[in-house]
Structures are given as C-alpha cells and as structure tokens.
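These are the residues of each chain, in order.
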Amino acid sequence: MTPQQRHNCMSHIRSADTKPEMIVRRWLWAHGYRYRLHVRRLPGTPDIVLHRYHTVININGCFWHGHSDCSHFRLPHTNVAFWRDKIDRNRERDAINADRLSHMGWWVITIWECQLEPKNRRATLVNLSRQLSSIYLRICGAKTGYETLQNDAERQQMVAEQAVAYGSDDDK
C-alpha cells in the first residue's frame, strides 16, 4: 500500500456514528433510554451521555484504544514505534478522562467493539441495562433486597411459607 493509499484509507475512519456506537444507541433508544451525544463540556467528549443516570458510555474500538487480550487488537507490522506510542497515549487519555469524570460524580461505562459482535451482543446490552438500573437505584437512594429489611423476622417473611423449626410436627 502506498503512503497516499494509506492516507486515504485512514482519513475515512470515523470517530462518531461508528457501527458499534449505532448498535448501542439504537438499543438504548428502543428500550426507552434517552441520551445526548458527544457532550463537549465533559472530559473526553463521551460518546453517549445519560444525564438522568449521571452516566457516560464510551464505545471503544479495540484497535484504536488498545483492548488487551482481544483478537481485534494487533499492532501493525510497519511503523511499530509510532503505533505503540499512539495507542499508549490513547489508553492514558482514556484513563485520565474516566478518572476526571468519576471525580465529577459521573458513572463511566466502557463498551468494547468486540463485545458487540453478534455472538456477544445480546449479553452485553442486557448487562448494560442491568448496570444502568443499578446506577439509577443508587442515585435514588433505593435499597434493594435484604438491605430494606430491618431484622431477621422480616427477612424470614420474604419466603412463601412460614418458618418452622426442624423436627416439629408442622413440617411433616
């Protein structure tokens, strides 16, 4: 590949509205989540911002963000030093932006391109929904499960049957 051909190929790679991003956006919208895109006033200009959930979602390409132990991430065999430095800088920038967002009180969720392959997609999106539900409950101050019950007697009332001591006549 000539330098001009490589330049043309690389110049057509988009940073917004990528296929993985569109998969997540369509799923979120179809499930009732409303969001903003690429909010510039937040560090790193996150891909998706769910203000109600105080959560940002970054959809990272495995190659560009250096997803370790992923089949999509391989350093090119040419100009290795350049690519290693570039991807290391991307990783550092991602970590710094996630830390800054966390200090500002935002929840940060990262979804990798490989997690949105057809075989993993459903599990990834269902897990995303669970994470958002959990975050929303924390924001609202809701307690879940056993945390809401005051004592052992109340916890025992959660089961369908009355508590009966072993060996009594009632359990026969």
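Source: prediction; values computed, not measured.

**Considerations on the overall build of the protein**
Tallying secondary structure elements over the protein gives five helices and four strands in all. From first element to last, N terminus to C terminus, the protein shows the α and β order α-α-β-β-β-α-β-α-α. Buried positions account for 30% of the 172 residues belonging to the protein. Summed over its atoms, the accessible surface of the protein is roughly 12,400 Å², and 49% of this surface lies on carbon and sulfur atoms.

**Section: the pattern of salt bridges**
Scanning the entire structure with this criterion turns up two salt bridges. When the shortest N-O distance is used, the salt bridge between R25 and E21 registers 3.1 Å. With R25 and E21 both in helix α2 (residues 19-30) and four residues apart, the pair spans about one turn of that helix. Each member of the pair, R25 as well as E21, is classed as buried.

**What to know about the packing of aromatic side chains**
Summed over all chains, the structure comprises nine aromatic pairs. Where W27 meets Y33, the ring centres are 6.4 Å apart and the plane angle is 20 degrees; that geometry is what we call stacked. Judged by relative accessible area, W27 falls into the buried class, the value being 16%. Linked through ring pairs, F63, W64, F73, F82 and W83 together constitute an aromatic cluster. Above the face of the W29 ring, R34 is positioned so that its terminal group lies 3.6 Å from the ring centre.

**Concerning the nonpolar core**
When a protein is soluble and globular, its nonpolar side chains tend to lie buried together. Among the nonpolar cores identified, the biggest contains 18 residues, and V24, L28, I57 and L128 are the most heavily contacted of them. Looking at this core, the elements with two or more residues in it are α2, β2 (48-50), β3 (55-60), β4 (107-112) and α4 (118-140). Contact partners of L28, with chain neighbours within four places excluded, come to Y33, Y35, I48, I57, L128 and L132. Ranked by size, the runner-up nonpolar core spans six residues in total, among them V39, L42, L101 and W106.

**Quick look at the packing of α2 against α4**
With their axes 11 Å apart at the nearest point, α2 and α4 run at an angle of 55 degrees to one another. Taken as axis vectors, α2 and α4 run oblique relative to one another. Considering the relative orientation of α2 and α4, their crossing is right-handed. Note on element contacts: α4 touches α2 through R121, L125, V126, L128, S129 and L132, opposite I23, V24, W27 and L28. Taken together, the residues of the contact of α2 with α4 break down into eight nonpolar, one polar and one charged.

**Things to note about helix α3 (residues 80-103)**
Given a rise of 1.5 Å per residue, 24 residues ought to cover 34 Å, and the 35 Å separating the end C-alpha atoms of α3 matches this to within 8%. When α3 is considered as a whole, its buried residues turn out to be W83, I87, N90, N97 and L101.

**Overview of the side chain of R25**
For R25, a relative accessible area of 11% corresponds to the buried category. Setting aside chain neighbours within four positions, we find R25 in contact with D17, Y35, L37 and I48.

**A look at the confidence of the model for the protein**
Of all residues in the protein, 76% have pLDDT values of 70 or greater, and the mean over the chain is 83. Averaged pLDDT values over the elements of the protein bottom out at 47 in helix α5 (residues 152-156) and peak at 96 in β2. Confidence drops under pLDDT 50 across residues 154-161; counting only partners more than four residues distant or on other chains, this segment forms six contacts.

Basis of the calculations
Residues numbered from 1 in each chain as written. Predicted model: local features only at pLDDT ≥ 70, side-chain atom pairs only at ≥ 80, totals over all residues. Heavy atoms only, no water. Helix = DSSP H or I, 4+ residues; strand = E, 2+ residues; numbered from the N terminus. Buried < 20%, exposed > 50% of the residue type's maximum accessible area, 1.4 Å probe, protein only. Areas by Shrake-Rupley, 256 points an atom, 1.4 Å probe, with all protein chains shown as cover. Salt bridge = Lys/Arg side-chain N within 4 Å of Asp/Glu carboxyl O. Phe/Tyr/Trp six-rings, centres within 6.5 Å; stacked < 30°, edge-to-face > 60°. Lys NZ or Arg CZ within 6 Å of the ring centre and 35° of its normal. Core = buried A, V, L, I, M, F, W, Y, C linked by side-chain atoms within 4.5 Å. Contact = heavy atoms within 4.5 Å. Axes fitted to C-alpha atoms, helices over the stretch in contact; angles between N-to-C directions. Parallel < 35°, antiparallel > 145°, perpendicular 65-115°, else oblique. Left-handed = near helix turned anticlockwise from the far one by under 90°. Nonpolar A, V, L, I, M, F, W, Y, C, P; charged D, E, K, R; others polar. Expected span 1.5 Å × (residues − 1). pLDDT = per-residue confidence, 0-100.

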